[in-house]
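# Summary of the model geometry
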Amino acid sequence: MSRNQTKKDVSTKTRRAIIDLLKQQGGMDVMALSSQFSLSGMAIRQHLNALKEEGLVTNIEESRPMGRPTKLWILTPAADRFFPSGYSDLSVSLIHSMKEAFGNEGLDKLLAVRNKNMQEQYLQHLGDTADVREKLEKLAVIRTNEGYMAEVKEQDDGSLLFIEKHCPICEAAAVCTGLCKNELHLFKTVLGNNVHIERGEYILAGGRNCVYTVRL
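The structure presented is a predicted model; accordingly, all values stated were derived computationally and were not measured. (Residues numbered from 1 in each chain as written. Predicted model: local features only at pLDDT ≥ 70, side-chain atom pairs only at ≥ 80, totals over all residues. Heavy atoms only, no water.)

Summed over the entire model, instances satisfying the criterion amount to two cavities of 30 Å³ or more. Its volume calculated, the largest cavity comes out at about 80 Å³. Looking at the largest cavity, it is lined by 13 residues, and the ones nearest its centre are Cys167, Ala173, Cys180, Glu183 and Cys210. No other element matches helix 7 (residues 178-191), which puts three residues into the lining of the largest cavity. Tallied by class, residues from the lining of the largest cavity come to ten nonpolar, no polar and three charged. Space inside the second largest cavity adds up to approximately 60 Å³. What lines the second largest cavity is simply Arg114, Asn115, Met118, Arg143, Tyr148, Ile169, Leu179, Asn182, Glu183 and Leu186. Among the elements of the structure, helix 4 (88-126) and helix 7 are those that each provide at least two residues to the lining of the second largest cavity. When residues in the lining of the second largest cavity are grouped by element, the largest group, four residues, is from helix 7. For the lining of the second largest cavity, the residue count by class is five nonpolar, two polar and three charged. (1 Å grid on protein atoms, 1.4 Å probe; cavity = no way out; pocket = protein on both sides within 12 Å on 5 of 7 lines; lining within 4 Å. Points joined across faces, edges and corners; volume = space filled by probe spheres on them. Helix = DSSP H or I, 4+ residues; strand = E, 2+ residues; numbered from the N terminus. Nonpolar A, V, L, I, M, F, W, Y, C, P; charged D, E, K, R; others polar.)

And the structure:
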């Protein structure tokens, strides 16, 4: 392999890693990215400019309490192609077909069956876990394996945030809101009746993530 080809491969891997990190962390400035990759600011800017030319990233300004606004780099919708799509075209086509064949009531029944099957699978993976934090951590692993890039964060008030940074069924959910409604019901069921959970940020409503607040 030539030296130029090796250099190109390294650049490609670094840029993909930048995309993955921005998906995980949201907006980041050049300094933060430099520290993550142990690269100079100039090198990071070169990668970001290359990604911007491809339409995969853009930048916004974020105000700070002191000093000038900071330039944050974020992903564009075009970057979604690097993440699981859940066979979106097929899913959307099937939803339209089911509506045509069975009507909205029939579609709701099919979604109820899907939700029941997922509930059984999730409960099996959670086992006898009683601790809510531990349940959420296990649920995050399950959802991440399904393409949702999930994580759990604890808030200062003791509540927990269950965050999904990607929606592999987003296009299907846009034409079938029952998928998201059933998702919230699914979480409530597997976490237990003594747990209060509500969805705040919502990807389909323009949010960067789907965020659920969990309280005992």
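Here we take up helix 3 (residues 41-53). Its 13 residues place the ends of helix 3 18 Å apart at the C-alpha level, agreeing with the 18 Å of an ideal helix rising 1.5 Å per residue. Downstream of helix 3 by one or two residues, glycine 55 has phi in the positive range, about 80°. (Expected span 1.5 Å × (residues − 1).)

A word on the environment of proline 168. Structurally, proline 168 can be placed in the loop between strand 4 (160-164) and helix 6 (170-175). The sequence separation of proline 168 and glycine 147 amounts to 21 residues, and the corresponding C-alpha distance is 5.9 Å.

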